[in-house]
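This is what each chain is made of:
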Number of protein chains: 2
Amino acid sequence: MPLPRLSRAGLRRALPVLDWASRYTRDTATSDLVAALIVTIMLIPQSLAYALLAGLPPEMGLYASILPLVAYAIFGTSRALAVGPVAVVSLMTAAAIGELGLTDPAQIALAAGTLAFLSGAILLAMGVLKLGFLANFLSHPVIAGFITASGILIAASQLKHILGVSAEGHTLLETLLALARDLPQTNLITLGIGVASVAFLFWVRRGLKPLLRRMGLGARAADILAKAGPVAAVAVTTLAVWGLGLHDRGVAIVGTVPTGLPPLTPPSADPALWRQLLLPALLISVIGFVESVSVAQTLAAKKRQRIVPDQELTGLGASNVAAALTGGYPVTGGFARSVVNYDAGAETPAAGAFTAVGILLAALLLTPLLYFLPKATLAATIIVAVLSLVDFSILKRSWTYSRLDFAAVLATIVTTLLVGVEIGVSAGVVLSIFLHLYKTSKPHVAEVGLVPGTHHFRNIKRHKVDTLPGVLTLRVDESLYFANARFLEEYILNRVAECRDLRHVVLMFPAVNEVDMSALETLEEVNRRLSDMQISLHLTEVKGPVMDRLKRSHFLHDLTGRVFLSQYDAWCALQPGATPGAKQEGLAAQ
Amino acid sequence: MPLPRLSRAGLRRALPVLDWASRYTRDTATSDLVAALIVTIMLIPQSLAYALLAGLPPEMGLYASILPLVAYAIFGTSRALAVGPVAVVSLMTAAAIGELGLTDPAQIALAAGTLAFLSGAILLAMGVLKLGFLANFLSHPVIAGFITASGILIAASQLKHILGVSAEGHTLLETLLALARDLPQTNLITLGIGVASVAFLFWVRRGLKPLLRRMGLGARAADILAKAGPVAAVAVTTLAVWGLGLHDRGVAIVGTVPTGLPPLTPPSADPALWRQLLLPALLISVIGFVESVSVAQTLAAKKRQRIVPDQELTGLGASNVAAALTGGYPVTGGFARSVVNYDAGAETPAAGAFTAVGILLAALLLTPLLYFLPKATLAATIIVAVLSLVDFSILKRSWTYSRLDFAAVLATIVTTLLVGVEIGVSAGVVLSIFLHLYKTSKPHVAEVGLVPGTHHFRNIKRHKVDTLPGVLTLRVDESLYFANARFLEEYILNRVAECRDLRHVVLMFPAVNEVDMSALETLEEVNRRLSDMQISLHLTEVKGPVMDRLKRSHFLHDLTGRVFLSQYDAWCALQPGATPGAKQEGLAAQ
């Protein structure tokens, strides 16, 4: 059987690497190499720290930063996105694995890999089915609330490493209670390392860059050097633990990190495990996709480049499958790292591939040096990184703008903190969909009249307008569909019941973008009931697509009145004394 | 503590009985009594049959037809609604109880009563919280599909009584397979009774009324007499079984029905049972409410009366609690019986109370006569009644009108038949909400231009229009919210990328009924990006409520262009050579 022939353009769409690699130059390579070097330095401590956050051995963080980056470089469309372990997805991984109640480290690693595999498969399937729009169901306020709550959860989960205790909890409350209980067991040396690291890293963020600038460094160099702060913290505290023998005094360290190539790790084939991980994998896929696409779009826009969301699904899906098969865990495009990559001058996805080589070298050569790295230092880098995610201003902004959006944010934050990440984000999505349906289920309907001397019609409550005797003109400010069909019927019939000597009801449809089957049946019913009362029903300014559809039903045939191109035409035809002409079926306004 | 003082009008709203009872006359009483007599005759076999369908002892059907009717007469707003056991709710009850896997009849009866109690509590809570609009989330196509599929399921479930076998199944497939397996055990006498009853009842529906009319009877009398067909079938077959001793030849009969007042039956207090029944109770409440309100509205409209949906929740809630406490099971307003009640002249809810007295007398006096009533006859009355619910024309109508509505109907029918009633109706609801979001997530956006010689702007693809150089004018035909915010951003930026020498982008908002927080942030982003490209963003024809909200954000402050009252104003101001005036913040079109 011959293979289906792919057009060259189609192949380039499916494999963006063909596009940029064919035009790759020595200059581009230099830029990409510099960016990769900086990102590698940043990524080594981050990958170890996020693995710790996910409750996994540190090498899984390194493995998740090698082949997944190569896979994204081949299939992804963003020029600057840095894929790898990120904070929120690591937290969600920890939650998903925690629910399984496993204790055997090998089982936990297998479950994490399987989670990455499922997540990758879901992303690939969404890419093939062009389901990228599903990510739109996460509203901005829900995402903002979720990220903020996740930041708090992550920071709280790391406090145990700063204190050197073993407190564990599934929710914020449990974590804090466990910390309070374990407080007396605090290891003071660990606490010292942790607090010093946090203070140093905050100072690096706030104070180092201005200092370097004052010392005569360029803005970009100062910025990049400031990003190396975590590496300095790692180096100094590791040396301190080694030199002073602090490990023997109770400071928890990373310990042995295996040296060598990433292992080949097939995912579990246990259907029970798949069932348990399916929902978490779906949530991780969608959240990871949204986070990644937002970053990618922001960076692409700065250089007037474009990213293709449905192709991004393929890129991220391939990355996660790669992570699953080579000892990693779920990955996505991270915000901070991508910005560093971009600022450092990355011009093509090759920068990601070069970073992968850097991390590979680290896995082959540097792991013995990480033996004495204190966990408190890693926890400090996480805490400083995630506290920048926490932003309660969304609460104030949404409160000012829309109470319903505020409700969605608040519900997401509170549920995420009190119940957990999976229920939290699901509650936010369900609530925002519900609130949207609720809003549109009671549409704004205005009685309108003619602004004297014009052809414009406006709300009689907001403007001085003329009306015709015996004519009720209503402008419906919403698409008509099942959730508001009954409302409209009741509204019209109640309004009609209030009016004496009514002969015509005119519905203005300039803002009606859809009339679904439920609404169609409602309009038929309204027409029938008005007809029983000897009142004609007219429509005006019906949009083209709506009219096209109405023509396919019996409604226009049964309509007792007419369909007018413009409201002014209706005004003229329904004047007392005017003779309404023949029914103007088939005229659409727009 | 003093009781809150209720205004007289408030009390009448809460207890509609006060309203009609104060004006009750001897004439009204006569009409109501006649209607009640006819409905009672119809209801006796129906209540027994529906209890059989629900898998409950026959007396529970009678008990569900006594106090619930009185409760509705006090709290309900419909003048003609006949409350009691109905086919679809009985089927849903059977499904809910079946899932519990109970075998002890007392346990089953307790579960059915508890289901009615939960359903009543949910309806009452929805009434207090004014959540009647939740019923709107069931679209017409979903309801139509669900009712049709339920009719088929019900008819199939009754075939075993016609054949005299014990075949049971949870889904249509299981039921049919069990019937096929049991076919050799068919009891031929039972089959004879069943087939004869079905044939007789169909003839009564189709042939009796014309015959009676030809014999000189009035239309109404003929109609009412035809409704007594099931009673005749019950009487004749019962006499036949008794006279010919068919019971000894394997014809299943109703057997002993306890004589006496309905028992007092407190619901179960077992939290595990409540948890299991909560979702079924919610579905029964919503489906029952929708069915009941549709009938009540149809009948009220004929006499220009009004029903109050939120008060109907209270009426039906009280009915179900009454059913739960007096040996019944979930009830609602039934279609066929309400129409008979209305046609027979019922003028107030007192007709329902009189019917209750009729059924009470039956429970006290007639039950011994029901001993030899063959189950096959009851099954025949159910089959004939529900086959009128089956209406596949909705498939054809929705296919013609809208493929998405068709998908919702088909999914509801197929899922209900293959998986069951609860999953079926839930799938329909979820799918219609999803399809609605999907539709609105890719809104229609048209580039528009000026129709020469007018002030009207139309789609440049559908009309011959003029455009301005350097100006891109887009009309957005959908409210902007989270599901389409990203789409709009990509659409605008892609369009802008295609145009050379663009200086202004104008967004026409006459059909934008809402801009939520996600869409606001998207508009801010679009404004920022266009600003980077030295392109101004303008808005025109922004609706009043949308403008009110935008004024509460920073968007209008940051907007690079202006907000125009009408698109024509924008046209004039953006002409080459025109000097765009000061930013007109705060001007709303409508």
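Just so you know, these numbers come straight off a predicted model, no measurement behind them. (Residues numbered from 1 in each chain as written. Chains lettered and ligands numbered in written order. Predicted model: local features only at pLDDT ≥ 70, side-chain atom pairs only at ≥ 80, totals over all residues. Heavy atoms only, no water.)

### Topic: the interface of chain B and chain A
Frequently, the measure chosen for interface size is the accessible area removed from exposure when the parts meet. Taken together, the contact between chain B and chain A spans 69 residues of the former and 69 residues of the latter. Here chain B and chain A share an interface that buries about 6400 Å² over both sides, 54% of which is from carbon and sulfur atoms. A per-residue breakdown of the area chain B buries against chain A is headed by Tyr401, Arg486 and Met517 of chain B, which together make up 13% of the total. We note a salt bridge from Arg462 of chain A to Asp548 of chain B, for which the minimum N-O separation is 3.4 Å. Where chain B touches chain A, the interface holds 32 residue pairs in polar contact (both at pLDDT 80 or more). Of all the elements in the fold, those that place two or more residues in the side of chain B that touches chain A are helix H8 (140-163), helix H13 (271-302), helix H18 (393-401), helix H20 (421-441), helix H21 (482-498), helix H22 (517-532) and helix H23 (544-550) of chain B. With eight residues, the single largest contributor to the side of chain B that touches chain A is H20 of chain B. Looking at the side of chain B that touches chain A residue by residue, the class counts come to 26 nonpolar, 22 polar and 21 charged. (Contact = heavy atoms within 4.5 Å. Buried area = accessible area lost by both parts, 1.4 Å probe. Salt bridge = Lys/Arg side-chain N within 4 Å of Asp/Glu carboxyl O. Polar contact = N/O pair within 3.5 Å; in protein donor to acceptor, adjacent residues only side chain to side chain. Helix = DSSP H or I, 4+ residues; strand = E, 2+ residues; numbered from the N terminus. Nonpolar A, V, L, I, M, F, W, Y, C, P; charged D, E, K, R; others polar.)

### Focus: the domain arrangement of chain A
By the assigned domains, chain A splits into domain 1 (25-426) and domain 2 (445-573). One C-alpha centre belongs to domain 1 of chain A, the other to domain 2 of chain A, and the line joining them spans 55 Å. (Domains from an automatic or database assignment.)

### Focus: the relation of the copies chain B and chain A
Turning chain B through 180 degrees and shifting it by 0.0 Å along the axis lays it on chain A, with an RMSD of 0.1 Å. Taken together, these values place the two copies in the relation of a two-fold axis. Within chain B, the C-alpha atom positioned nearest to the axis of rotation is that of Ala511 of chain B, 2.0 Å from it. (Least-squares fit on C-alpha atoms with pLDDT ≥ 70 in both.)

### Considerations on helix H5 (residues 67-75) of chain A
Pro68, Leu69, Ala71, Tyr72 and Ala73 of chain A are the residues of H5 of chain A that are buried. Tucked into the core, H5 of chain A has its buried residues touching helix H2 (16-21), helix H3 (26-53), helix H4 (58-63), strand E1 (83-84), helix H14 (309-325) and helix H16 (350-366) of chain A. (Buried < 20%, exposed > 50% of the residue type's maximum accessible area, 1.4 Å probe, protein only.)

### Quick look at unusual backbone geometry
Residues and elements named next belong to chain A. One non-glycine residue, Gln534, lies in the positive phi region at around 55 degrees. Mapping Gln534 onto the fold places it in the loop between helix H22 (517-532) and strand E7 (536-540). Residue Gln534 is classed as exposed on the basis of its relative accessible area of 66%.

### Re the confidence of the model for chain A
Caution is warranted with low-pLDDT regions, since their predicted coordinates should not be read in detail. Of all residues in chain A, 97% have pLDDT values of 70 or greater, and the mean over the chain is 88. Model confidence for the complex: the whole-complex pTM is 0.80, and ipTM, which rates the interface, is 0.79. (pLDDT = per-residue confidence, 0-100.)

### Structural notes on H18 of chain B
Every buried residue belonging to H18 of chain B is among Ile394, Leu395, Ser398 and Tyr401 of chain B, and all of these are buried. The buried residues of H18 of chain B occupy an angular sector of 140 degrees when the element is viewed end-on, so they sit on one face. Structurally, H18 of chain B contributes buried residues whose contacts are with H22 and helix H23 (544-550) of chain A together with H8 and helix H19 (403-418) of chain B. (Arc of directions from axis to C-beta.)

### Some remarks on the UniProt feature "domain: STAS" (unreviewed entry) in chain A
Mapped onto this numbering, the UniProt entry annotates "domain: STAS" (unreviewed entry) at residues 461-574 of chain A. Counting secondary structure, residues 461-574 of chain A comes out at 45% helix and 16% strand; the distance between its end C-alpha atoms is 22 Å. (UniProt positions renumbered as here; feature names shortened; annotations may be inferred.)

### Details of the sheet that holds E7 of chain A
Residues and elements named next belong to chain A. Read across the sheet, six strands follow the order E4-E3-E5-E6-E7-E8 without closing on themselves; strand pairing throughout is mixed. Unpaired on one side and paired on the other, strand E4 (457-459) and strand E8 (563-564) mark the two borders of the sheet. Sheet topology note: the strand E3 (residues 445-450)/strand E5 (residues 471-476) ladder contains three bridges and is antiparallel. Note on E5: the bridge partner recorded for Glu447 is Leu474. Together, strand E6 (504-508) and E7 form the strand contacts of H22, whose direction differs from that of E7 by roughly 140 degrees. (Pairing = 2+ DSSP bridges. Axes fitted to C-alpha atoms, helices over the stretch in contact; angles between N-to-C directions.)

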